[in-house]
Amino acid sequence: MIDTLARYFQFPFVRYALIVGVLIALCSSLLGVTLVLRRFSFIGDGLSHVAFGAIAIAGVLHLAEARMLFVMPVTVLSAVLLLRTGKNTKIKGDSAVAMISVGAMALGYLIMNVFSTSTNLSGDVCSTLFGSMSILTLTKTEVWLCIGLSIAVLVIFVLFYNKLFAVTFDEDFARAAGMKVDAFNLMIAIVVAVIIVLAMNLVGSLLISALIVFPAMSAMRVYKSFRSVTICAASVSVVCAVAGILVSIVASTPVGSTIVAADIVAFLIFSLIAKIRK
Amino acid sequence: MAYLTCKNLALGYEGQAVLSDISFEVNPGDYLCVVGENGSGKTTLMKTILGLHKPLSGTITFGDGLKQSEIGYLPQQTAVQRDFPATVREIVLSGCQALAGRRPFYSKEEKQMAARNLERMNLEEYASRCYRELSGGQQQRVLLARALCATRKMLILDEPVSGLDPKVTAEMYALIRRLNREDGISVMMITHDVSVALREATHVLHAGENVFFGTREDYLCSPLARRFLIQEGGASA
Ligand SMILES: Nc1ncnc2c1ncn2[C@@H]1O[C@H](COP(=O)(O)OP(=O)(O)OP(=O)(O)O)[C@@H](O)[C@H]1O
Ligand SMILES: [Mg+2]
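Residues numbered from 1 in each chain as written. Chains lettered and ligands numbered in written order. Predicted model: local features only at pLDDT ≥ 70, side-chain atom pairs only at ≥ 80, totals over all residues. Heavy atoms only, no water.

J.: Talk me through the coordination of the magnesium ion (ligand 2); I want residue IDs and the actual numbers.
T.: Residues and elements named next belong to chain B. Binding of the magnesium ion (ligand 2) to the protein goes through Thr43 (OG1) and Gln76 (OE1), at separations of 1.8 to 2.3 Å. Taken as a pair, Thr43 in helix α1 (residues 42–49) and Gln76 in the loop between β5 (71–74) and α2 (88–94) lie far apart in primary sequence, 33 residues in all. Of the residues examined, Gln76 reaches a relative accessible area of 34% and is grouped as partly exposed. (Donors = N, O, S within 2.8 Å, 3.2 Å for Na, K, Ca; no water. Helix = DSSP H or I, 4+ residues; strand = E, 2+ residues; numbered from the N terminus. Buried < 20%, exposed > 50% of the residue type's maximum accessible area, 1.4 Å probe, protein only.)

Structure below.
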């Protein structure tokens, strides 16, 4: 097994895949804590559907190399829209989000079907939904874009960590203390959109929410302070991503679902620890 | 000049007035109690002062070196979820947000201030405990410590004793009194207990159909207060 891995690691794209996987797992778990606590996970879910639709259109437009440049702005724009609608009276906001996300999926699939020239349509759809069979299909541009954006997200997270806590714990108090909460929420939504587009490459659009929700939920079972939950979620997520990628290489399983499976195992372990501690 | 001056305020939601024609001021050292029935708009008034809502009409001005963001406030209900992971120290420190402004990290002074306020509220031993595992009274003290980090001048407290037992309630009132008398912090406290207002406050604002604002002594003589007190006396008799 070690031999197999060593052989794989001679290829630069395998190493790239691991770097990209770790960065994406790190970013999504960091933001995940806030999203889960503020009941904003729906934004992640909605956006991943929108990203699916955008990728379908990008495919039809033959944007192959430059498709990120199309998908990214569309998803960011939808993030802004979703946040707006989500804020309007709770229930209506929820349905609006559902409408936008399911609508984007349906249209995406329709467009793919009508215009696609691909001979393997269901394969294309499947890999957009559940991630590629392997992330070895990443192009070099995508890898560098991913590394650059992930670092930007990390820097933003560290710089805004204290504000993020203040807003997450008590939005009104933060507002009264003079924070521009609306602008801040907008920034979060944009960052989430960026992470989701990046994560599409890794796990596919249907599984992105898992990267956002699972590590945060696992950490919250055991840890009681915001800081330790954040650190724990990030570590769990990175470990699961690395484990998932390695296993998927050795066992040639689909990488996205293998990572999510690792996240589920981690969640079960943490739940067990929480039970035992009680 | 007063810390806070409200003139002919009308408050409400979506153009519907809840309270109108409110005029009052809070001066340094004042202890103002806002009384009124459930739903009379006390919380709305507080949120408007804090800039969370826009007034329908009228003006709110801050003076004497007080900025809107320098008011410490204790909300009536925090929408904190049951499973929120946060320690007491983290929450109290987040009160320094107004001071930190655009700075990304808290300074040493701010951390020291948070530690001091923890001490002031007798919370040192709970500093590393999880907020959601504290009792209601302890949680309320944590939020008060947070409010104290946000201000040196003025506190707005929205029903700070709701849900507390009589002993803890008395302690809470004593704490607030000390902050007002000894530390010179102006207090604006919302309560529906008129007798508390008459005992603790220097000034009273009665919100409702008929608005009253004046000193405690004037309020005692007003027909509004008398009606309230008679009702309460009747209820307990
Ligand atoms: N977000 C809102 N949107 C619309 N109306 C609201 C909203 N919040 C409160 N109201 C209404 O405004 C009125 C005043 O509410 P407010 O919370 O200010 O009362 P209160 O005096 O604080 O009452 P209590 O003593 O119960 O705390 C109520 O009739 C309430 O129904
Ligand atoms: Mg109220």
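J.: Any details on the pattern of salt bridges? Residues and values, ideally.
T.: Where charged atoms of side chains with opposite charge meet at close range, the side chains can pair. Following the criterion strictly, the structure yields 13 salt bridges over all chains and no others. The partner of Lys153 of chain B in a salt bridge is Glu70 of chain B, and the shortest N-O contact between them spans 3.7 Å. Of this pair, Lys153 of chain B sits in the loop between α5 (136–150) and β6 (154–158) while Glu70 of chain B sits in the loop between β4 (57–62) and β5, and the two are 83 residues apart along the sequence. Look at Glu70 of chain B and you get partly exposed, because its relative accessible area is 23%. Between Asp183 of chain B and Arg120 of chain B there is a salt bridge; the shortest N-O distance is 3.0 Å. Of this pair, Asp183 of chain B sits in the loop between α6 (166–181) and β7 (186–190) while Arg120 of chain B sits in helix α4 (residues 108–120); the two residues are 63 residues apart in sequence, bridging distant segments of the chain. Here the salt bridges share partners, and the residues they tie into one network are Arg38, Glu171, Arg175 and Asp182 of chain A. (Salt bridge = Lys/Arg side-chain N within 4 Å of Asp/Glu carboxyl O.)

J.: Please set out the nonpolar core residue by residue, giving values where relevant.
T.: Counting 133 residues, the largest nonpolar core has Met189 and Tyr219 of chain B as its most contacted members. With 16 residues, the top contributor of residues to this core is helix α10 (residues 181–203) of chain A. When residues are assigned to domains, this core turns out to be shared by domain 1 (1–66 + 153–237) and domain 2 (77–151) of chain B, each giving three or more. Formed by 28 residues, the second largest nonpolar core is a distinct cluster that contains Ile22, Leu45, Tyr73 and Leu205 of chain B. (Core = buried A, V, L, I, M, F, W, Y, C linked by side-chain atoms within 4.5 Å. Domains from an automatic or database assignment.)

J.: Lay out the environment of Ser218 of chain A with the relevant residues and their values.
T.: All names here are of chain A. Residue position: Ser218 is located in helix α11 (residues 208–222). In this structure Ser218 comes out as buried when scored by relative accessible area, which is 1%. Distance from Ser218 to Gly148, taken between C-alpha atoms, is 28 Å for residues 70 residues apart in sequence. Look past the residues within four positions of Ser218 in its chain and what remains in contact with it is Asp263, Ala266, Phe267 and Phe270. (Contact = heavy atoms within 4.5 Å.)

J.: I'd like a rundown of the domain arrangement of chain B, residues and numbers included.
T.: Residue and element names in this part refer to chain B. The assigned domain composition of chain B is domain 1 (1–66 + 153–237) and domain 2 (77–151). Relative placement of domain 1 and domain 2: their C-alpha centres are 24 Å apart. In this complex, domain 1 contributes 14 residues to the contact, which on the side of domain 2 involves ten residues. In total, about 950 Å² of surface goes out of reach between domain 1 and domain 2, with carbon and sulfur atoms giving 70% of it. The interface formed by domain 1 and domain 2 includes one salt bridge. Counting only elements with at least two residues in the side of domain 1 that touches domain 2, the list comes to β6 and α6. Residues of the side of domain 1 that touches domain 2, tallied by class, amount to eleven nonpolar, no polar and three charged. (Buried area = accessible area lost by both parts, 1.4 Å probe. Nonpolar A, V, L, I, M, F, W, Y, C, P; charged D, E, K, R; others polar.)

J.: Account for the side chain of Thr5 of chain B, with residues named and values stated.
T.: Within the fold, Thr5 of chain B resides in strand β1 (residues 4–13). Ignoring sequence-local partners within four residues, the contact set of Thr5 of chain B consists of Phe24, Glu25, Thr59, Ile60 and Thr61 of chain B.

J.: Before we move on, can you summarise the sheet that holds β5 of chain B with the specific residues and values?
T.: Residues and elements named next belong to chain B. Pairing is mixed across the open sheet formed by six strands, whose spatial order is β5-β6-β7-β3-β8-β9. The open sheet has two edge strands, β5 and β9 (212–215), and neither has a second partner. Neighbour to neighbour, the strand axes of the sheet diverge by 15 degrees on average, direction disregarded. Relative to β9, strand β8 (residues 203–206) is paired through four bridges, and the arrangement is antiparallel. (Pairing = 2+ DSSP bridges. Axes fitted to C-alpha atoms, helices over the stretch in contact; angles between N-to-C directions.)

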